[in-house]
Amino acid sequence: SIKGGLLYSHVIVVRDDVHWLDDIRLADFMDPWTVYSQPMGFLCQRPHRPETPAEHVFVIGGQAADRLLRAYTEYYSNASPELDMVDSTEQYWYVLARLLGIRWEMVKRSRLPYLLSMHTTVNNAPVFCLRGTSRAILQRPTASCVHPALVRFQACDDVIRAGARV
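Overview of the structure. Note that the structure is predicted; figures quoted are calculated from it, not measured.

## Some points on the state of the cysteines
Two cysteines joined by a covalent bond between their sulfur atoms form a disulfide.
1) Next: Evaluated as defined, the whole model comprises two disulfides.
2) Next: Across the disulfide, Cys-44 is cross-linked to Cys-145 (sulfur-sulfur distance 1.8 Å). Its S-S torsion of about 70° marks the bond between Cys-44 and Cys-145 as right-handed, since a negative value means left-handed. Note that Cys-44 is positioned in the loop between strand 6 (39-40) and strand 7 (49-53) and Cys-145 in the loop between helix 5 (135-139) and helix 6 (156-165), a separation of 101 residues in sequence. Take Cys-44 and Cys-145: they sit in the same class, and that class is buried.
3) Next: Note that Cys-129 is cross-linked by a disulfide to Cys-156, the S-S spacing being 2.1 Å. One disulfide, between Cys-129 and Cys-156, carries an S-S torsion of 95° and so falls in the right-handed class. Of the two residues, Cys-129 sits in strand 11 (residues 125-131) while Cys-156 sits in helix 6, which places them 27 residues apart along the sequence.
4) Next: Residue Cys-129 is classed as buried on the basis of its relative accessible area, which comes to 0%.
5) Next: Residue Cys-156 is classed as buried on the basis of its relative accessible area of 5%.
6) Next: Cysteine pairing in the protein chain follows 1-3, 2-4, where each cysteine in a disulfide is numbered by its order in the sequence.

## Overview of the packing of aromatic side chains
1) Next: Applying the stated criterion across every chain yields a total of nine aromatic pairs.
2) Next: Pairing Phe-58 with Trp-104 gives two aromatic rings, centres 5.1 Å apart and planes at 85°, and the pair type is edge-to-face. On the criterion of sequence distance, the pair formed by Phe-58 in strand 8 (residues 57-61) and Trp-104 in strand 9 (residues 103-106) is long-range, its members being 46 residues apart. With respect to burial, Phe-58 and Trp-104 carry one shared label: buried.
3) Next: Aromatic ring contacts, followed pair by pair, group Phe-58, Trp-93, Tyr-94 and Trp-104 into a single cluster.

Quick notes on the rules
Residues numbered from 1 in each chain as written. Predicted model: local features only at pLDDT ≥ 70, side-chain atom pairs only at ≥ 80, totals over all residues. Heavy atoms only, no water. Disulfide = S-S within 2.5 Å. Helix = DSSP H or I, 4+ residues; strand = E, 2+ residues; numbered from the N terminus. Buried < 20%, exposed > 50% of the residue type's maximum accessible area, 1.4 Å probe, protein only. Phe/Tyr/Trp six-rings, centres within 6.5 Å; stacked < 30°, edge-to-face > 60°.

That is the geometry; function is a separate question.
Structure, rendered in structure tokens:
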């Protein structure tokens, strides 16, 4: 996380199927020794596993990034039995951060406003859609959400249901 002798203020790790709905406000993520992520689950819904970070997006403080982004090396060189006991990628990152003394903060979903996306086919036509939500969920959220106007593409569940009726 060092470029030209200067430490990055933040490093953002983003999975390739993330579709951003709004801007990230880096001022919300000020601690250079903290990793910020949503809990496991989807925007506008109660977390499936509130104690487990979603691995879709991490905002990592510059100091923490310098240590945490050596995860591949840690996998082979860190002898902690705790790393052998993890059951998912999400748990690996979370446990590794703890072992390295890096704080992890689960944030409201609206602070990292994204949904997962995909392409599918409906009636032999390609369609881009957003996973993990529906029109009904956006109208009646059970957790931190964004304004429905920020969701500019159809939800995959809605697209597939509509295609099945055609």
